[in-house]
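# Chain and residue survey
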Amino acid sequence: MKPRDREEELRQAGLDFSSKPHRPSGFQRRAGTPPAPGELAGAEFLRFVGEIDDLEDLERFALECSRCHLRSGCKGVVFGEGSPRAQIAFVGEAPGADEDRLGRPFVGRAGKLLDRIIDACGLLRDEVYITNIVKCRPAANRTPTEEERNYCIPYLHAQMRLVRPGVLVSLGAAATQGLIRPDAKITRMRGTWQEWRGIKVMPTFHPAALLRDPRKRPPVWEDMKSVLEELGLRGPA
Ligand code: URA
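An account of the accompanying structure is given in this report. (Residues numbered from 1 in each chain as written. Predicted model: local features only at pLDDT ≥ 70, side-chain atom pairs only at ≥ 80, totals over all residues.)

## Remarks on the overall build of the chain
- What the chain contains, in helices and strands, is 11 helices and six strands.
- Looking at the chain as a whole, 38% of its 237 residues are labelled buried.
- A sequence separation of at least 24 residues applies to 70% of the contacts in the chain between residues at least 6 apart. (Helix = DSSP H or I, 4+ residues; strand = E, 2+ residues; numbered from the N terminus. Buried ≥ 20, exposed ≤ 12 C-beta atoms within 10 Å, placed from the backbone. Contact = placed C-beta atoms within 7 Å.)

## A closer look at unusual backbone geometry
- Unusually for a residue other than glycine, Phe-106 sits at a positive phi of about 50°.
- Along the chain, Phe-106 turns up in the loop between helix 5 (97-102) and helix 6 (109-120).
- You will see that Ala-140, though not glycine, has its phi angle at about 55°, which is positive.
- Note on Ala-140: 7 C-beta atoms within 10 Å, which makes it exposed.

## What to know about the environment of Pro-138
- By the element assignment, Pro-138 lies in the loop between strand 3 (129-132) and helix 7 (146-163).
- Looking at Pro-138, the number of C-beta atoms within 10 Å reads 20, which means it is buried.
- Separated by 67 residues in sequence, Pro-138 and Arg-71 have C-alpha atoms that sit 8.7 Å apart.
- In contact with Pro-138, not counting residues within four places along its chain, are Leu-70, Ala-94, Pro-144 and Glu-148.

## Points about the sheet that holds strand 6 (residues 199-204)
- Read from one edge of the open sheet, six strands run 1-3-2-4-6-5, paired in mixed fashion. The open sheet terminates on both sides in strands that have one partner only, identified here as strand 1 (81-82) and strand 5 (194-196).
- With three bridges joining them, strand 5 and strand 6 adopt antiparallel strand pairing. The partner of Trp-196 across the bridge, within strand 6, is Ile-199.
- Packed onto the sheet, helix 8 (residues 172-179) meets strand 2 (88-92), strand 4 (167-171), strand 5 and strand 6 and runs at close to 130° relative to strand 4. (Pairing = 2+ DSSP bridges. Axes fitted to C-alpha atoms, helices over the stretch in contact; angles between N-to-C directions.)

Encoded structure:
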(Lines give C-alpha, C1' and ligand atoms only; values in the text may rest on other atoms or scores of the structure.)
Protein backbone atom coordinates (compact mmCIF):
# COMPACT_ATOMS: atom_id res chain seq x y z
CA MET A 1 0.00 0.00 0.00
CA LYS A 2 1.30 3.50 -0.90
CA PRO A 3 1.98 5.85 2.08
CA ARG A 4 -0.80 8.20 0.83
CA ASP A 5 -3.35 5.35 0.82
CA ARG A 6 -2.22 4.35 4.29
CA GLU A 7 -2.79 7.94 5.54
CA GLU A 8 -6.23 7.95 3.96
CA GLU A 9 -7.08 4.60 5.51
CA LEU A 10 -6.04 5.86 8.96
CA ARG A 11 -8.03 9.05 8.47
CA GLN A 12 -11.14 7.11 7.48
CA ALA A 13 -10.70 4.93 10.54
CA GLY A 14 -10.93 8.14 12.56
CA LEU A 15 -7.27 8.11 13.56
CA ASP A 16 -5.46 11.41 13.62
CA PHE A 17 -2.59 10.84 11.21
CA SER A 18 0.12 13.43 11.48
CA SER A 19 3.75 13.17 10.48
CA LYS A 20 4.63 16.28 12.56
CA PRO A 21 5.48 15.80 16.23
CA HIS A 22 2.91 17.78 18.17
CA ARG A 23 2.74 18.47 21.87
CA PRO A 24 -0.81 19.43 22.71
CA SER A 25 -1.36 21.63 25.75
CA GLY A 26 -3.32 20.27 28.71
CA PHE A 27 -6.33 22.18 27.41
CA GLN A 28 -6.29 20.42 24.02
CA ARG A 29 -5.25 17.06 25.41
CA ARG A 30 -8.74 16.47 26.78
CA ALA A 31 -11.04 14.79 24.33
CA GLY A 32 -13.73 16.81 22.58
CA THR A 33 -14.72 20.44 23.08
CA PRO A 34 -13.30 21.91 26.28
CA PRO A 35 -15.96 22.59 28.90
CA ALA A 36 -17.00 26.14 29.78
CA PRO A 37 -16.03 27.22 33.32
CA GLY A 38 -19.67 27.28 34.45
CA GLU A 39 -20.10 23.61 33.50
CA LEU A 40 -17.52 22.46 36.03
CA ALA A 41 -18.30 22.00 39.73
CA GLY A 42 -15.92 23.64 42.26
CA ALA A 43 -13.15 21.06 42.66
CA GLU A 44 -13.34 20.01 39.03
CA PHE A 45 -13.05 23.65 37.94
CA LEU A 46 -9.98 24.16 40.13
CA ARG A 47 -8.37 20.99 38.77
CA PHE A 48 -9.09 21.97 35.18
CA VAL A 49 -7.74 25.52 35.56
CA GLY A 50 -4.73 24.17 37.44
CA GLU A 51 -3.85 21.93 34.48
CA ILE A 52 -4.02 24.56 31.73
CA ASP A 53 -0.44 25.15 30.69
CA ASP A 54 -0.78 27.84 28.04
CA LEU A 55 -1.77 31.45 28.65
CA GLU A 56 -3.84 31.72 25.47
CA ASP A 57 -5.75 28.54 26.34
CA LEU A 58 -6.38 29.98 29.78
CA GLU A 59 -7.69 33.20 28.25
CA ARG A 60 -10.02 31.31 25.88
CA PHE A 61 -11.37 29.34 28.82
CA ALA A 62 -11.77 32.39 31.10
CA LEU A 63 -13.57 34.41 28.40
CA GLU A 64 -16.41 31.84 28.57
CA CYS A 65 -16.78 32.24 32.33
CA SER A 66 -20.17 32.81 33.91
CA ARG A 67 -19.45 31.20 37.29
CA CYS A 68 -20.65 34.18 39.29
CA HIS A 69 -23.42 36.73 38.84
CA LEU A 70 -21.03 39.53 37.76
CA ARG A 71 -20.92 38.17 34.22
CA SER A 72 -24.62 38.84 33.63
CA GLY A 73 -24.14 42.53 34.50
CA CYS A 74 -21.16 43.30 32.25
CA LYS A 75 -20.27 43.16 28.57
CA GLY A 76 -17.48 40.63 28.89
CA VAL A 77 -14.60 39.11 30.82
CA VAL A 78 -11.47 41.30 30.92
CA PHE A 79 -8.78 38.65 31.19
CA GLY A 80 -5.58 40.72 31.20
CA GLU A 81 -2.77 41.35 28.77
CA GLY A 82 0.95 41.81 28.35
CA SER A 83 4.10 39.83 28.02
CA PRO A 84 3.91 36.15 29.00
CA ARG A 85 7.51 36.60 30.18
CA ALA A 86 6.94 39.84 32.09
CA GLN A 87 9.18 40.57 35.05
CA ILE A 88 6.52 42.83 36.56
CA ALA A 89 2.82 42.04 36.84
CA PHE A 90 0.41 44.79 37.88
CA VAL A 91 -2.79 43.58 39.52
CA GLY A 92 -5.73 45.97 40.00
CA GLU A 93 -9.18 45.59 41.45
CA ALA A 94 -11.69 45.01 38.64
CA PRO A 95 -12.47 46.42 35.18
CA GLY A 96 -14.27 49.74 34.98
CA ALA A 97 -16.65 50.94 32.26
CA ASP A 98 -13.89 51.64 29.67
CA GLU A 99 -12.22 48.30 30.32
CA ASP A 100 -15.55 46.47 30.06
CA ARG A 101 -16.34 48.20 26.77
CA LEU A 102 -12.92 47.46 25.23
CA GLY A 103 -12.17 44.10 26.89
CA ARG A 104 -8.75 45.33 28.06
CA PRO A 105 -7.47 46.16 31.56
CA PHE A 106 -6.49 49.68 32.61
CA VAL A 107 -7.44 51.61 29.48
CA GLY A 108 -9.44 54.43 31.12
CA ARG A 109 -8.11 57.46 33.03
CA ALA A 110 -6.43 55.34 35.72
CA GLY A 111 -4.96 53.20 32.95
CA LYS A 112 -3.41 56.22 31.25
CA LEU A 113 -1.71 57.06 34.52
CA LEU A 114 -0.54 53.47 34.89
CA ASP A 115 0.95 53.80 31.38
CA ARG A 116 2.90 56.83 32.59
CA ILE A 117 4.17 54.92 35.64
CA ILE A 118 5.32 52.07 33.37
CA ASP A 119 6.99 54.57 31.05
CA ALA A 120 8.72 56.28 33.99
CA CYS A 121 10.16 52.86 34.87
CA GLY A 122 11.76 52.75 31.43
CA LEU A 123 9.45 49.96 30.29
CA LEU A 124 6.86 49.48 27.56
CA ARG A 125 3.32 48.43 28.39
CA ASP A 126 3.90 45.32 26.24
CA GLU A 127 6.81 44.31 28.45
CA VAL A 128 4.77 44.02 31.66
CA TYR A 129 1.66 42.02 32.48
CA ILE A 130 -1.55 43.78 33.56
CA THR A 131 -4.65 42.20 35.03
CA ASN A 132 -7.18 42.46 37.83
CA ILE A 133 -8.11 40.34 40.79
CA VAL A 134 -11.72 40.23 39.49
CA LYS A 135 -12.21 39.92 35.73
CA CYS A 136 -15.79 41.19 35.32
CA ARG A 137 -16.98 44.72 36.01
CA PRO A 138 -19.11 45.05 39.14
CA ALA A 139 -22.15 47.26 38.51
CA ALA A 140 -21.56 50.98 39.14
CA ASN A 141 -17.85 50.29 39.68
CA ARG A 142 -18.37 49.12 43.26
CA THR A 143 -15.55 47.27 45.00
CA PRO A 144 -15.86 43.51 44.42
CA THR A 145 -16.92 41.48 47.44
CA GLU A 146 -14.74 38.79 49.00
CA GLU A 147 -17.07 36.15 47.52
CA GLU A 148 -16.63 37.61 44.02
CA ARG A 149 -12.86 37.67 44.52
CA ASN A 150 -12.92 34.05 45.61
CA TYR A 151 -14.81 32.96 42.51
CA CYS A 152 -12.31 34.71 40.26
CA ILE A 153 -8.95 34.23 41.94
CA PRO A 154 -8.18 30.80 40.42
CA TYR A 155 -7.67 32.65 37.12
CA LEU A 156 -5.07 34.92 38.72
CA HIS A 157 -3.37 31.89 40.30
CA ALA A 158 -3.13 30.31 36.85
CA GLN A 159 -1.99 33.54 35.15
CA MET A 160 0.81 34.03 37.67
CA ARG A 161 1.80 30.34 37.53
CA LEU A 162 2.23 30.70 33.76
CA VAL A 163 3.85 34.18 33.65
CA ARG A 164 5.97 33.79 36.81
CA PRO A 165 6.81 37.49 37.19
CA GLY A 166 9.73 38.45 39.42
CA VAL A 167 7.51 41.00 41.18
CA LEU A 168 3.78 41.51 41.42
CA VAL A 169 2.64 45.09 42.11
CA SER A 170 -0.75 45.10 43.83
CA LEU A 171 -2.56 48.31 43.01
CA GLY A 172 -4.71 49.62 45.83
CA ALA A 173 -6.53 48.23 48.83
CA ALA A 174 -8.85 45.74 47.10
CA ALA A 175 -6.04 43.94 45.23
CA THR A 176 -3.81 43.95 48.31
CA GLN A 177 -6.60 42.66 50.53
CA GLY A 178 -7.39 39.90 48.04
CA LEU A 179 -3.77 38.82 47.74
CA ILE A 180 -2.22 39.46 51.12
CA ARG A 181 -4.72 39.94 53.95
CA PRO A 182 -8.44 40.82 53.97
CA ASP A 183 -7.79 43.51 56.58
CA ALA A 184 -4.74 45.04 54.85
CA LYS A 185 -4.56 48.84 55.02
CA ILE A 186 -2.91 50.15 51.88
CA THR A 187 -1.61 53.31 53.61
CA ARG A 188 0.32 51.12 56.07
CA MET A 189 1.30 48.27 53.79
CA ARG A 190 2.39 50.15 50.69
CA GLY A 191 6.12 50.19 50.15
CA THR A 192 6.68 47.03 52.23
CA TRP A 193 7.64 43.75 50.60
CA GLN A 194 5.07 40.98 50.90
CA GLU A 195 4.88 37.50 49.43
CA TRP A 196 2.09 35.67 47.63
CA ARG A 197 2.50 32.09 46.39
CA GLY A 198 6.28 32.45 46.21
CA ILE A 199 6.13 35.76 44.31
CA LYS A 200 7.40 39.01 45.83
CA VAL A 201 4.60 41.56 46.10
CA MET A 202 4.90 45.34 46.33
CA PRO A 203 1.61 46.93 47.38
CA THR A 204 1.17 50.52 46.26
CA PHE A 205 -1.59 53.06 45.74
CA HIS A 206 -4.06 52.50 42.92
CA PRO A 207 -3.60 54.96 40.00
CA ALA A 208 -7.21 56.13 40.55
CA ALA A 209 -6.17 57.23 44.05
CA LEU A 210 -3.33 59.27 42.51
CA LEU A 211 -5.83 61.01 40.25
CA ARG A 212 -7.84 62.01 43.31
CA ASP A 213 -4.82 62.92 45.44
CA PRO A 214 -1.59 63.86 43.63
CA ARG A 215 0.30 63.81 46.98
CA LYS A 216 0.26 60.02 46.63
CA ARG A 217 2.47 60.18 43.51
CA PRO A 218 5.91 60.43 45.24
CA PRO A 219 5.29 57.34 47.42
CA VAL A 220 4.25 55.33 44.34
CA TRP A 221 7.47 56.35 42.62
CA GLU A 222 9.43 55.25 45.71
CA ASP A 223 7.64 51.88 45.57
CA MET A 224 8.40 51.48 41.87
CA LYS A 225 12.07 52.31 42.47
CA SER A 226 12.18 49.47 45.03
CA VAL A 227 10.63 47.15 42.42
CA LEU A 228 13.19 48.14 39.77
CA GLU A 229 16.02 47.70 42.23
CA GLU A 230 14.73 44.26 43.26
CA LEU A 231 14.71 43.19 39.61
CA GLY A 232 18.10 44.75 38.84
CA LEU A 233 16.47 47.15 36.38
CA ARG A 234 17.81 50.66 36.07
CA GLY A 235 14.70 52.60 35.17
CA PRO A 236 14.75 55.45 32.67
CA ALA A 237 18.10 56.81 31.49
N1 URA B 1 -9.20 49.98 37.81
C2 URA B 1 -8.81 48.71 38.03
O3 URA B 1 -8.59 48.31 39.16
N4 URA B 1 -8.65 47.93 36.98
C5 URA B 1 -8.83 48.33 35.73
O6 URA B 1 -8.64 47.53 34.82
C7 URA B 1 -9.22 49.66 35.54
C8 URA B 1 -9.41 50.46 36.57
